[in-house]
Every structure is written in C-alpha cells, then in structure tokens.
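Residue-level structural notes
So the chains spell out like this:
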2 protein chains.
Amino acid sequence: MDKSCSNCAHRQAAEWSVLEGANVAHMDDARRSRSFLAGEAIYHEGDEATGVYCVSSGLVGIRKVDADGESVLLRLVRPGQTFGYRSLLTGTPHGVSAEVLKEGRICHVPAATVHRIAADSPALVMAFFRHLARDMAEAENKVMETVTASCRVRFLRLLVAFGGEADSDEGTRVRLELPVSRQDIASLIGVRSETMSRVIRAIENEGLAHFKGRHVDIPDARRLADESFGSLAA
Amino acid sequence: MDKSCSNCAHRQAAEWSVLEGANVAHMDDARRSRSFLAGEAIYHEGDEATGVYCVSSGLVGIRKVDADGESVLLRLVRPGQTFGYRSLLTGTPHGVSAEVLKEGRICHVPAATVHRIAADSPALVMAFFRHLARDMAEAENKVMETVTASCRVRFLRLLVAFGGEADSDEGTRVRLELPVSRQDIASLIGVRSETMSRVIRAIENEGLAHFKGRHVDIPDARRLADESFGSLAA
DNA sequence: TCCGGGTGTTGATTCAGATCAATTCCAAGA
DNA sequence: TCTTGGAATTGATCTGAATCAACACCCGGA
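Residues numbered from 1 in each chain as written. Chains lettered and ligands numbered in written order. Predicted model: local features only at pLDDT ≥ 70, side-chain atom pairs only at ≥ 80, totals over all residues. Heavy atoms only, no water.

1. With respect to the protein's contact with DNA strand D
Threshold: Neighbouring residues are identified by heavy atoms, a residue being near a molecule or strand if any of them is within 4 Å of it. Two N or O atoms count as a polar contact when they lie within 3.5 Å, although within protein this holds only if one can serve as hydrogen donor and the other as acceptor, and sequence-adjacent residues are included solely when both atoms are side-chain atoms. Working definition: helices are DSSP H or I runs of at least four residues, strands are E runs of at least two. Numbering for both runs from the N terminus. Each residue gets one of three labels, nonpolar for Ala, Val, Leu, Ile, Met, Phe, Trp, Tyr, Cys and Pro, charged for Asp, Glu, Lys and Arg, and polar for the others, Gly among them.
Around DNA strand D, 15 residues are found, and the nearest of them are Cys151(A), Thr195(A), Arg182(B), Ser197(B) and Arg201(B). The sugar-phosphate share of atoms of DNA strand D within 4 Å of the protein amounts to 71%. Between DNA strand D and Arg198(A), the relevant distance is 2.9 Å, taken from a base oxygen to a side-chain nitrogen or oxygen of the residue. Elements with a minimum of two residues in the surface near DNA strand D: α7 (193–205) of chain A together with α6 (182–189) and α7 (193–205) of chain B. With 4 residues, the top contributor of residues to the surface near DNA strand D is α7(B). Its residues placed into classes, the surface near DNA strand D shows 2 nonpolar, 6 polar and 7 charged.

2. Examining helix α3 (residues 111–120) of chain B
Residue and element names in this part refer to chain B. Heads up, the rule is: Buried, partly exposed and exposed residues are distinguished by accessible area as a fraction of the type maximum, computed with a 1.4 Å probe on protein chains only: under 20%, between the cut-offs, and over 50%, respectively. Here the arc refers to the set of directions running from the helix axis out to each C-beta atom.
By the burial criterion, the buried members of α3 are Ala-111, Thr-113, Val-114, Ile-117 and Ala-118. All buried residues of α3 project into a common sector of 160 degrees when viewed along the axis, lining one side. Across α3 from its buried face, at more than 90 degrees, point the exposed residues Ala-112, Ala-119 and Asp-120.

3. Structural notes on the environment of Phe229(B)
All names here are of chain B. Mapped onto the elements, Phe-229 comes out in the segment after α8 (221–228). We classify Phe-229 as exposed; its relative accessible area is 56%. Each C-alpha atom of the pair Phe-229 and Arg-154 lies 9.6 Å from the other, and the pair is 75 residues apart in sequence.

4. Some points on the side chain of Ser228(A)
Residues and elements named next belong to chain A. The criterion, for reference: Every residue pair with non-hydrogen atoms within 4.5 Å of one another is taken to be in contact.
One can find Ser-228 in helix α8 (residues 221–228). Under the relative-accessibility criterion, Ser-228 is labelled buried at 5%. Reaching out from Ser-228, the side chain makes a polar contact with the backbone oxygen of Ala-225 at a distance of 2.7 Å. Contact partners of Ser-228, with chain neighbours within four places excluded, come to Val-153, Leu-156, Arg-157 and Val-160.

5. A look at the pattern of salt bridges
Our working definition: Definition used for salt bridges: Asp or Glu carboxyl oxygen within 4 Å of a side-chain nitrogen of Lys or Arg.
The final tally for this structure, using the stated rule, is 25 salt bridges over all chains. Taking the shortest distance from any N to any O, the salt bridge between Glu99(A) and Arg63(A) comes out at 2.7 Å. Within this pair, whereas Glu99(A) is found in strand β7 (residues 97–102), its partner Arg63(A) is found in strand β4 (residues 59–65), the two being separated by 36 residues in sequence. Considered together, Glu99(A) and Arg63(A) belong to a single accessibility category, that of buried residues. Ionic pairing is found between Arg173(B) and Asp217(B), a salt bridge with its closest N-O pair at 3.0 Å. Of this pair, Arg173(B) sits in the loop between α5 (151–165) and β9 (174–177) while Asp217(B) sits in strand β11 (residues 215–218), placing them 44 residues apart in sequence. In this structure Arg173(B) comes out as partly exposed when scored by relative accessible area, which is 40%. Salt bridges here are not isolated pairs; linked through shared partners, they connect Arg75(A), Arg86(A), Asp135(A) and Glu140(B).

6. Here's the deal with the relation of the copies chain B and chain A
This is how the line gets drawn: Superposing the copies works by least squares over the C-alpha atoms of residues that have pLDDT at least 70 in both of them.
Superposition record for chain B on chain A: RMSD 0.0 Å, screw rotation 180 degrees, translation along axis 0.0 Å. One copy is carried onto the other by what is essentially a two-fold rotation axis. In this assembly the copies share their binding face: 100% of the residues contributing to the interface of chain B also contribute to that of chain A.

7. Notes on the sheet that holds strand β5 (residues 71–77) of chain A
Threshold: What makes two strands pair is DSSP finding at least two bridges between them. The convention used is that axes are lines fitted to C-alpha atoms, helices contributing only their stretch in contact, and that angles between N-to-C directions extend from 0 to 180 degrees.
Read from one edge of the open sheet, 4 strands run β2-β7-β4-β5 (chain A), paired in antiparallel fashion. Since the sheet does not close on itself, it has two edges, and those belong to β2 (41–43) and β5 of chain A, each with one partner. When the angles between neighbouring strand axes are averaged without regard to direction, this sheet yields 35 degrees. Note that β2(A) and β7(A) share 2 bridges and pair antiparallel. Across the sheet, Tyr43(A) pairs through a bridge with Ala98(A), a residue of β7(A). Its contacts with the sheet place helix α6 (residues 182–189) of chain A against β4, β5 and β7 of chain A, and it is angled at close to 100 degrees to β5(A). Here helix α4 (residues 122–148) of chain B sits on the sheet and contacts β4 and β5 of chain A; the angle it forms with β5(A), its principal contact strand, is near 130 degrees.

8. Structural notes on the protein's contact with DNA strand C
Neighbouring DNA strand C are 14 residues; Arg182(A), Ser197(A), Arg201(A), Cys151(B) and Thr195(B) lie closest to it. Each atom of DNA strand C within 4 Å of the protein was assigned to sugar, phosphate or base; sugar and phosphate come to 67%. A distance of 3.3 Å separates a phosphate oxygen of DNA strand C from a polar atom in the backbone of Gln183(A). Within the side chain of Ser197(A), an N or O atom sits 2.8 Å from a phosphate oxygen of DNA strand C. Considering each element in turn, the surface near DNA strand C owes the most residues, 4 residues, to α7(A). A breakdown of the residues in the surface near DNA strand C according to their chemical character gives 2 nonpolar, 5 polar and 7 charged.

9. Notes on the packing of α6(B) against α7(B)
Between two packed helices, the angle of one axis relative to the other and the distance separating the axes together describe the packing. Residue and element names in this part refer to chain B. Let me state the cut-off plainly: An angle counts as roughly parallel when it lies under 35 degrees, as roughly antiparallel when it exceeds 145, as roughly perpendicular when it falls between 65 and 115, and as oblique in every other case.
With their axes 9 Å apart at the nearest point, α6 and α7 run at an angle of 100 degrees to one another. As judged from the angle between their axes, α6 and α7 are roughly perpendicular. On α7, the residues that touch Arg-182, Gln-183, Ile-185, Ala-186 and Ile-189 of α6 are Ser-193, Met-196 and Ile-200.

10. Structural notes on the confidence of the model for chain A
So the rule is basically this: Every residue gets a pLDDT, meaning the predictor's confidence in that residue, from 0 to 100.
Taken residue by residue, chain A gives an average pLDDT of 90. The fraction at 70 or more is 90%. Of all helices and strands in chain A, the one with the weakest mean pLDDT is helix α1 (residues 22–30) of chain A (86), whereas helix α2 (residues 85–90) of chain A scores best (98).

11. A few points about the nonpolar core
Definition in use: Grouping buried Ala, Val, Leu, Ile, Met, Phe, Trp, Tyr and Cys residues that are joined through side-chain atoms within 4.5 Å yields what is termed a nonpolar core.
One finds Trp16(A), Phe128(A), Phe129(A), Trp16(B), Phe128(B) and Phe129(B) to be the most contacted residues of the largest nonpolar core, which totals 52 residues. One finds Met144(A), Val55(B), Leu74(B) and Val143(B) within the second-largest nonpolar core, a separate group that totals 34 residues.

12. A look at the sheet that holds strand β2 (residues 41–43) of chain B
Residues and elements named next belong to chain B. Taken together, 4 strands build an open sheet; the order of strands is β2-β7-β4-β5 and the sheet is antiparallel. Looking at the sheet topology across the chains shown, the edges are occupied by β2 and β5 (71–77). Taking the axes of each pair of neighbouring strands and ignoring which way they run, one obtains an average angle of 35 degrees across the sheet. Pairing geometry for strand β4 (residues 59–65) and strand β7 (residues 97–102), over 5 bridges, is antiparallel.

Right, dumping it as structure tokens:
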C-alpha cells in the first residue's frame, strides 16, 4: 500500500497537487510513510523541522504547552492535510507540537526534497501560503470566539463544524462521531473537562443533541446551528 | 517627501527589501502614499483586496467584529510593516478590517503590480510567507494566553512587549508610551475597559509601574517581567 | 474473575471578570 | 471662558466557569 503519492486517496487535497512533471517523481521517491499509534508524538515545540508531514489516515493534533504545563489543543489535522511546513520553510524551530490522536499512517517528505522542489516550483510555495492563510483565518476566529463567546456557544459551533464534514442525510437530522476524546474537545475550545461535561449534559437535557460515547445524534441541525450564532439569534 | 521606497526609512524592514533590479523601480513607480487620520478605515471585513499596504508612519490596527457587534483588536501594524497582503495573494476577501489608530502616512501598492512582481520574484512570496508565519505564531500565542493566563498577566506581558520596543536606559528602569487608548488595550487583551482600569490601578498600587496618561514608568523592569511569566514564577 | 487506571460525571464552593450604573476627567470647539 | 462628548475611573452586584473533591464507568490485562 501507499506506494506512491499519485494514487494517494487525498492527492487532490494536499499542496502536492500543484506539482508537475519530474517534481512529482522526486516527491514520490523521497517520501516515506510509517504508521503511528494514538498518543505518539511526531515533533515537539522547539524541535528543528526535518521535513513536511502529510496525514494519510488517522488524526493528528497540533498542541501548544505553556510554562505552567497548561496544554491547549490548537487544531486538528485530517487525512489529506499537510503540517509542519511552516517551520521548515521559515527555517525556525517548531513553535507547536504535533501528536497522533487517532492511529494511522503519516507520510514524511524530507527537508532537502521540499527545499529542492520549492526552489523549482513557486506554485508549491504559493500552495503552502494559501494553507497558512486559511489556518491564520481560523486562528483569528478562535481568538474572537474565546474572547466573545460562551463555552456553550463555542462547543455548539464546534459541533456544527464537525457536522459540516459528516453525512447530513437529506433532512435536518445529523449523526456524527466525535473525532477525539472529551478531554481533547475541552482543550480545543479552551475549557476544563468538568465544564465540558456540564455543557454536554445541558444540551442533552434540552434535547438539542443526544450523546452516547462518541456518537452524537442531532435531531434538528438547523435549531442547533441557530443557537450557535452567538447569544442573540436575531 | 516619500518620493521613493528606496529612501524609505523602513526599507530594510518591509518585504520589499528582497526585491532587486527592475522590480524595485516597478514598485516605486506604482506605489502611492497618502495620509490618514486616526479613526479612518482602510478596508473592511468582506472587502476585496486592492493591493498591499505599508505603514510609513502612524499606527494601524487589525480588527475583527463578530455578529453581535463585539469588536476585538487582533494586532497592531507599525511603521515599516506591511498588511493586507494575505487577501491579495490568496484572492479572497479580507477576513479582518484595518483601521488607522494613530494618524500617519500609508503606502499602497496596487494589486496588479504586486502580482506582476510576485510572479517574477519567488523571494517576495517567500518574504510574505515568513511574515504570515510570524503573525500565525503570534496568533497561536494569543490563543494560548487568552485561554490560560489571567487578564493581569496578559496585560503585564503586553507591557513587556511594548517595553521591548522602547528605550530601556541601561538600568532596569523603563519608560514607555502606550501606543493606543486604554479601550484599545483592553480590546487587545480581550477584556472590558472597566477591568482594564482595575488591573492598572492594582499594578499602580503595588508599585510595579506608574501610569500617567499614556506614559508608563516601570521602576524595575525585571520584577515586572518575572511577574508576567505566568502565575507561578518558580 | 477481579483488579487497576484512565476517562468521564457530578456536586459544592469559590473567584475572576462581566455587567450595570454613576461619576470624574479631559481635550476640542464655540 | 464655558460647553460638550468621549475616555477613563470607581463602586456594587452578578454569574460563568474554575476549582476541589468524590465517585461512576469502561476497558484491557493478570
């Protein structure tokens, strides 16, 4: 399996899709994939970048830890997405750590290869720029949210985001699976896990959604989406 | 004044410094500068990008407003720094708004020019990538801080950041001037202005710093820096 | 089968910061 | 000079979320 990027299921999604000709071969050639178990660290804050990573399957979390040991889960990286390119391209140590949240397979493209191809293909650099721009926009949203929205609203919005990726069968009912543990969800929206529990119970009681393990059943997605639009759903 | 980028006081700082040969001339030729008064908007969220801006003098604030009208000041743009390049390069509408906080002069390089030069100079794109990467790192720090640190600590860290740019005369005493109003500082660290006042008064009472208008006098910068390192200064 | 430990839940209590409501301060304009 | 309106301060009160402390649940291993 995984013999080549060309037949990777996610080829379209990743930055590599802009590559042409010999560069595709270079990539395929230098690329190495290996499987990771949940909990394994891929790199730590402060490490030097050794290349660019690409999630083939599983789920990766980008984390940051402060001096007090407080850890925040900044974002998730899903299959088909790349990560770690920022430090590599700027030549600075990683400012965040990456860790496997759900076991899977992750490709690694060595630094030298990325640099060589980037020097030859401005389109690749541009693709990474776009990726970074999108991440930046999300980071800005996150700052806004943590400052202005209650933890309840933040959680509802996260549900909506997860739901967007899930299968919303024609009607308004949506069934989805939480990709990570509740602790991690709490960390993702910046609250304590106890608070997370209470928020979930409240939502459950109101009948907005039904939680069983990692399964979530949303009877009326529209109602939930409305609620997630800030406190005043004018 | 301001006849050319070549003799701009901030030439070294901005992304343009990587340009060579004819591209420098193209830039200089197309560039237009004009002065803005405090409070003027440069662009709004949702606007299409018309070019890249460069602060010559004064101060610019990057803001984001949510559905409820809550506004957060995300970051400041100082003389010598560029902004607005993100939307231009990705071809997406601005996700934030830019507004003049302190009157001054701002240069504008039209979209067509930037695109033409960028197509010819991969180094320019790379320079913008670096800028974005730095902003992203700061955004990540901001998320961390708003989630983990008290508003007191967040304010102290902001003071330290301002102090870093100021003149710390040989000793530990630092004298600096706040670049923006207290309301804006409150918005910058994500608290209400009332809270801001109280925090400032508390710091004043402890003798950590002395505030008079926008002037701040820090008798012992080291002590202040220590305090800013989270709640537990082990 | 009985552990053990990680994950999640629940309750009681506390506290940081928001909110509501007056003032006071101050700079620009008439 | 007086006026005026935004910026800043101050006080009283409320509340959302953290904290502290048990306890229930579930799953893999001996």
